[in-house]
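Letter by letter, the chains look like this.
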Amino acid sequence: MTSQKSLKDVVKDEFLRCAVDPAYFARKYCKISHPTKGKISFDLFPFQEDCLREMRDNRCSIILKSRQMGISTLTAMFSLHSMMFNDEFKILVIATKQDAAKNLTAKVQLMFENLPAFIKQGISVVTNNRMELSFSNGSGIKAVSSSPNAGRSEGLSCLIIDEAAHIDHIEEIWASAQPTLSTGGKCVMLSTPNGQQGVFYRIWQQAEENSSNSGFKFKPISLPWHLHPERDQAWRDEQDSELGKRIAAQECECSFLSSGNTVLEPEILGFYDKKVAEPIEKRGIGGDLWIWKYPDVTHSYIVSADVARGDGEDYSGAIVLDVETCEQVAEYKGKIDTQAFGRMLVSIATEYNSALLIIDNKNIGWSTVQIAIDLKYPNLYYSYKNDPFLDENIHLRRAYDMATKDDMVPGLTTTTRIRPVLVSKLENYFRDFGIGIYSRRLLNELKVFVWIGGKPQAQRGYNDDLVMALAMALYVRDTSLRLHQMGIDLTRRAIQGTRKSIYKPENILSNQWEMNIGNRRESIKWLISK
């Protein structure tokens, strides 16, 4: 017969269970302050438990949340659990204002004060004020308001940045915090959205693209309003009334709204946001070459490339476009030197049925173009030098497709004169929903591609490499294909005209060995007689 567990064993098992299961710890022992119900147990909702698991299992987490989801309270509980069950666990909380920083620390203090003694296991409070709480096991949490040097510390186990999208000096804070996290510390960055700008938005983009930010790879966690079981459509409609539809969409739907005037309307971007799909293959070092469809031998393709400076600090981008279906089938975005980029482009273009290869030849782009020439790639795009006209209708009238390459230069020069034409072509395709794109990286660039001073360009701190590569591909698709079709039509008409003009004699002689001599016909067979 099994003996009943002693009280000591029960306590030990309970303590161990709390240590390994923070969700159980929260439900069973943590108290929170409810605005109408007072002090209550922290009974996690399913979405909160999922979020907690991701925070625990990932070194860096970025949480894009709706308002009033209880995530700040969840973060406070996560902090207490980490401090209770780890020695020397140092946490720094950075918030928008001092009151917001105090609020998070106060939640940790409330939870700790209401824990039973056997869970505390002899842990005593060393420091306890409105901005800091530290324990006898060396763990502690400190909250500060935002300032350029807020992230500097001797060493952190975890950095929490609350409402990161709304913090002043966030660029400086994040830069100063990175050395303190270099030893392996965790980072939790949470916020409601605040426009398509700043560190929070940039890291969220990179997290969605599964790329790293200065060596820190973040797990993206999206928490829109409908995940909350106590929210319904009536509550959502009420937010529209209180905040206005635009702000309510940002606060409740986790929708980044542009702080500038985007080249493409939000409705168009929203449509394509739903079309984003994971590539079927990621190639190369870092998986920077994304492929959605392999080449079809019956189709023609365009490979269009925007070349970076070549100093390793900027991105080069390339788009592979199916000419027939006008859809994106592959894409590259990465930091690569210009010559290696040229070799890679030739390889990609060759794989896609010797695709038409368009390379931006402006400045450093010539280095990449030269590689394609040296490799004798047979289908390199050439443009017309000293040509003031960019309209393909004028090109058609001039019959440029029949011109010799003596009047042409390899590649396409994206000058300030041609850039608006390329962007206009891009706009037309998207407004007609005439193109298929699947890339999260490309869509993120489109979301920050705005009008600044009347010029279409990426917002400060962002890139438009893929956007311009796509714009070049669409422009050349229309121009070159129409020129090529014009050549086919001219050839067809010439052949048809030749057939119509074949000589047909009016009177066919009945006897081919007779001819008219004077007024009579005479035989000329004697010419062939023996």
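The structure displayed is predicted, hence computed values, not measured ones.

Student: How would you summarise unusual backbone geometry if you had to cite specific residues and measurements?
Tutor: The phi angle at Glu 163 is positive, at roughly 50°, despite the residue not being glycine. Among the secondary structure elements, Glu 163 is positioned in the loop between β8 (158-162) and α7 (170-181). Of note, the phi angle at Asn 353 is positive, near 60°, even though the residue is not glycine. Relative to the helices and strands, Asn 353 resides in the loop between α12 (338-351) and β17 (356-359). Judged by relative accessible area, which is 32%, Asn 353 ranks as partly exposed.

Student: Can you lay out the sheet that holds strand β9 (residues 186-191) for me, pointing to particular residues and giving the numbers?
Tutor: Read across the open sheet, the 8 strands follow the order β5-β6-β7-β4-β8-β9-β3-β10; overall the sheet is mixed. Strands with a single pairing partner mark the edges of an open sheet, and in this sheet they are β5 (125-129) and β10 (218-223). Strand-to-strand, the axes of this sheet are offset by a mean angle of 15°, without reference to chain direction. In the packing of helix α4 (residues 71-84) onto the sheet, the strands contacted are β3 (60-65), β4 (90-95), β6 (132-135), β7 (140-145), β8, β9 and β10, and the crossing angle to β9 comes to about 165°. Taken strand by strand, α7 contacts β4, β8, β9 and β10, and its axis lies near 165° from that of β8.

Student: Account for the pattern of salt bridges, with residues named and values stated.
Tutor: Pairs can form between side chains of opposite charge whenever their charged atoms are close. Applying the stated criterion across every chain, the model contains 24 salt bridges. Between Arg 53 and Asp 50 there is a salt bridge, and its shortest N-O distance comes to 3.0 Å. With Arg 53 and Asp 50 both in helix α3 (residues 46-57) and 3 residues apart, this pair spans about one turn of that helix. Two residues, Asp 57 and Arg 56, come together in a salt bridge whose shortest N-O distance is 2.9 Å. The class for Asp 57 is partly exposed, based on a relative accessible area of 48%. Classification of Arg 56 as partly exposed rests on a relative accessible area of 37%. Each of Glu 208, Asp 273, Arg 440 and Lys 447 takes part in salt bridges that share partners, so that together they form one network.

Student: An account of helix α1 (residues 7-20) is requested, with residue identities and associated values reported.
Tutor: Helix length check: α1 (14 residues) gives 20 Å between terminal C-alpha atoms against 20 Å at 1.5 Å per residue, within 8%. Listing the buried residues of α1 in full gives Glu 14, Phe 15 and Cys 18. Burial along α1 is one-sided: seen end-on, the buried residues are contained in an arc of 100°. Exposed residues lying more than 90 degrees from the buried face of α1 are Lys 12 and Val 20. The elements touched by buried residues of α1 are α2 (22-29), α4 and α6 (117-120).

Student: Which residues make up the packing of aromatic side chains, and what are the values?
Tutor: Under the definition given, this model contains 16 aromatic pairs. Centroid distance Tyr 272 to Phe 433: 6.2 Å. Interplanar angle 25°. Geometry classified as stacked. Of this pair, Tyr 272 sits in helix α11 (residues 266-273) while Phe 433 sits in the loop between α15 (419-431) and α16 (440-447), and the two are 161 residues apart along the sequence. One residue, Arg 17, lies across the ring of Tyr 24, its end atom 3.8 Å from the ring centre. The lysine or arginine in question, Arg 441, covers the ring of Trp 290, its NZ or CZ lying 3.7 Å from the ring centre.

Student: Mind laying out the pairing of β7, listing which residues take part and the relevant values?
Tutor: Inspection of the sheet shows β4 paired to β7 by 6 bridges, in the parallel sense. Within β7, the position partnered with Ala 95 by the bridge is Ser 145. Between the antiparallel neighbours β6 and β7 lie 4 residues, among them Gly 138 with a positive phi of about 90°.

Student: Describe the packing of α2 against α3, and please don't skip the residues or the numbers.
Tutor: Two elements in contact, α2 and α3, have axes whose closest approach is 9 Å; the angle formed by their N-to-C orientations is 130°. Relative to α3, the element α2 is oriented oblique. Residues Pro 22, Ala 23 and Arg 27 of α2 lie in contact with α3, whose contacting residues are Glu 49, Leu 52 and Arg 56. Among the residues making up the contact of α2 with α3, the classes are represented as 3 nonpolar, no polar and 3 charged.

Student: Provide a residue-level description of the state of the cysteines, including the pertinent values.
Tutor: Evaluation of the coordinates by the stated rule reveals 0 disulfides. Not engaged in a disulfide, the cysteine Cys 30 finds its nearest cysteine sulfur in Cys 18; these two sulfurs lie 8.5 Å apart. Assessed through its relative accessible area of 1%, Cys 30 is described here as buried.

Analysis parameters
Residues numbered from 1 in each chain as written. Predicted model: local features only at pLDDT ≥ 70, side-chain atom pairs only at ≥ 80, totals over all residues. Heavy atoms only, no water. Helix = DSSP H or I, 4+ residues; strand = E, 2+ residues; numbered from the N terminus. Buried < 20%, exposed > 50% of the residue type's maximum accessible area, 1.4 Å probe, protein only. Pairing = 2+ DSSP bridges. Axes fitted to C-alpha atoms, helices over the stretch in contact; angles between N-to-C directions. Contact = heavy atoms within 4.5 Å. Salt bridge = Lys/Arg side-chain N within 4 Å of Asp/Glu carboxyl O. Expected span 1.5 Å × (residues − 1). Arc of directions from axis to C-beta. Phe/Tyr/Trp six-rings, centres within 6.5 Å; stacked < 30°, edge-to-face > 60°. Lys NZ or Arg CZ within 6 Å of the ring centre and 35° of its normal. Parallel < 35°, antiparallel > 145°, perpendicular 65-115°, else oblique. Nonpolar A, V, L, I, M, F, W, Y, C, P; charged D, E, K, R; others polar. Disulfide = S-S within 2.5 Å.

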